Amino acid sequence: MNTTKTSKVPVALTIAGSDSGGGAGIQADLRTFAFHCVHGTSAITCVTAQNTLGVTRVDAMAKEAIEQQIKAVCEDIGVQAAKTGMLLNQEIITTVVKQIDTHAIPNLVVDPVMVSRTGAQLIDDEAVKTLRDSLIPLATVLTPNRYEAQILSGLEIKSLDDMKAAAQTIHEKLKVKAVLVKGGGMQGSLRGIDIWFDGKNLETLFTQLVATKNTHGTGCTLSAAIAANLARGDSLFKAARQAKEYVSYALNNALDIGKGQGPVGHFFPLLKK
Ligand SMILES: Nc1ncnc2c1ncn2[C@@H]1O[C@H](COP(=O)(O)OP(=O)(O)O)[C@@H](O)[C@H]1O
Ligand SMILES: Cc1ncc(COP(=O)(O)O)c(N)n1
């Protein structure tokens, strides 16, 4: 008699870069999936040498390696949702798009990692164009930060009204199902506010600004939490609203490690002060 207990769990896939410092990228995504009781699978696109002070080296994975990781996960295990993070260059973006299409990956959250919260461009212009033209149209939910939303909408974003206009423009121009313009790169209390638009409802997702320098991994955590909630069967808006709350808890329990920007604390109920 087989006495082993087995259980069906939702499965999510992250297609993103590795952060050696453990604060962002694949590492943040897998912790976020685990917190949500979603089995996490991964396809690593590049490996960064990174800590709380910054990135010192990035190595791209071969496109065949990325292809095979996605294939291995989808053909055997299957996923209910996925997210993309740092895709680095045009070749990687094209490879990922092809795999998403081949395996008809559902509930795709695209974090269009192009510009850091401080405004530094992370991928070249060719890659920006490929991201906009081929990956973003496949997104169920797109999560640009302030600077990414500026590039994608062609609008300057300085106020809450600008964030709303950008969300509506991106939705209309890029044909995503829903867009969440993130406020982390804004000034003052706007840093805690995101704008949601799904073609019908324009919503302001408000959370208190958390006064901490330890914000490493917020964007990755948010998109991974949306994917986890979608894998569990939540509606699009509920998935985003709950993910935003999760990021706030994690920010309130950020880890004071390293000499620079520490990471958010993903397992806050377990963290003892
Ligand atoms: N200091 C903060 N207080 C509260 N929420 C924040 C703070 N910084 C970032 N966030 C939230 O973290 C999430 C990620 O946003 P952002 O930092 O803009 O993304 P990215 O990391 O991609 O640049 C958003 O929901 C944003 O509102
Ligand atoms: C490998 C990798 N992917 C993504 C980010 C962005 O991190 P954040 O969530 O802080 O915007 C990062 N720093 N490193």
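Let me sum up the structure you'll find in this document. Residue numbering note: each chain is counted from 1, following its sequence as written. To label them, take the chains in the order written and letter them from A, then take the ligands in the order written and number them from 1. Reporting of local features is limited, given that this is a predicted model, to residues whose pLDDT is at least 70; pairs of side-chain atoms are given and counted only at 80 or more, and all residues count toward the totals for whole chains, interfaces and linings. With hydrogens and water excluded, all non-hydrogen atoms of the structure serve as input to the side-chain values.

Once that is clear, we can look at the site of ligand 2. By convention in these notes, a residue is near a molecule or strand provided one of its non-hydrogen atoms lies within 4 Å of it. The environment of ligand 2 is made up of 13 residues, and the closest members are Gln50, Arg117, Gly217, Gly219 and Cys220. Whenever a nitrogen or oxygen atom comes within 3.5 Å of another N or O atom, the pair is scored as a polar contact, on the condition that within protein one atom can donate a hydrogen and the other can accept it, and that pairs from neighbouring residues in sequence are kept only if both atoms are in side chains. Within the backbone of Gly219, an N or O atom sits 3.1 Å from an oxygen atom of ligand 2. Contact with the protein chains covers 83% of the free accessible surface of ligand 2, which is 370 Å². For the purposes of this entry, the term helix denotes a DSSP run of H or I that reaches at least four residues, the term strand denotes a run of E that reaches at least two, and both are numbered from the N terminus. Counting only elements with at least two residues in the shell around ligand 2, the list comes to strand 1 (11-19), strand 2 (39-51) and helix 7 (218-231). Counting residues per element, the shell around ligand 2 draws most heavily on helix 7, which supplies 3 residues. Each residue is assigned to one of three groups, with Ala, Val, Leu, Ile, Met, Phe, Trp, Tyr, Cys and Pro labelled nonpolar, Asp, Glu, Lys and Arg labelled charged, and all others, Gly among them, labelled polar. Residues of the shell around ligand 2, tallied by class, amount to 3 nonpolar, 9 polar and 1 charged. Each accessible area is a Shrake-Rupley result for a 1.4 Å probe, and residues are judged covered by the shown protein chains and nothing else.

This part is about the pairing of strand 3 (residues 54-60). For two strands to be treated as a pair, DSSP must find no fewer than two bridges joining them. Two strands pair when backbone bridges link them, and strand 2 and strand 3 are joined in this way by 6 bridges, in the antiparallel orientation. Bridging across to strand 3, Val47 finds its partner in Asp59. In this antiparallel pair of consecutive strands, strand 2 and strand 3, the connection spans 2 residues.

Turning our attention to the site of ligand 1. Neighbouring ligand 1 are 17 residues; Arg117, Lys182, Gly184, Asp194 and Val210 lie closest to it. Take Val210: an N or O atom from its main chain is 2.8 Å from a nitrogen atom of ligand 1. Bound to the protein, ligand 1 loses 95% of the 560 Å² it would expose on its own. Of all elements in the fold, only helix 7 and helix 8 (236-252) reach the threshold of two or more residues within the shell around ligand 1.

Moving on to the packing of helix 2 (residues 63-77) against helix 3 (residues 90-102). Angles shown run from 0 to 180 degrees and are taken between the N-to-C directions of axes, each axis being a line fitted to C-alpha atoms and, for helices, limited to the stretch in contact. Close contact between helix 2 and helix 3 brings their axes to 10 Å; oriented N to C, the two are set at 25°. One way to sum up the angle between helix 2 and helix 3 is to call them roughly parallel. With respect to the hand of their crossing, helix 2 and helix 3 are arranged in right-handed fashion. Together, Lys63, Ile66, Glu67, Ile70 and Lys71 of helix 2 and Glu91, Ile92, Thr95, Val96 and Gln99 of helix 3 make up the contact between the two elements. Across the contact of helix 2 with helix 3, the residue classes tally to 4 nonpolar, 2 polar and 4 charged. The labels follow the angle: roughly parallel below 35 degrees, roughly antiparallel above 145, roughly perpendicular from 65 to 115, and oblique for the rest. Two helices that cross are described as forming a left-handed crossing if the nearer one is turned anticlockwise from the farther one by less than a right angle, and a right-handed crossing if clockwise. In this analysis, two residues are considered to be in contact whenever any of their non-hydrogen atoms come within 4.5 Å of each other.

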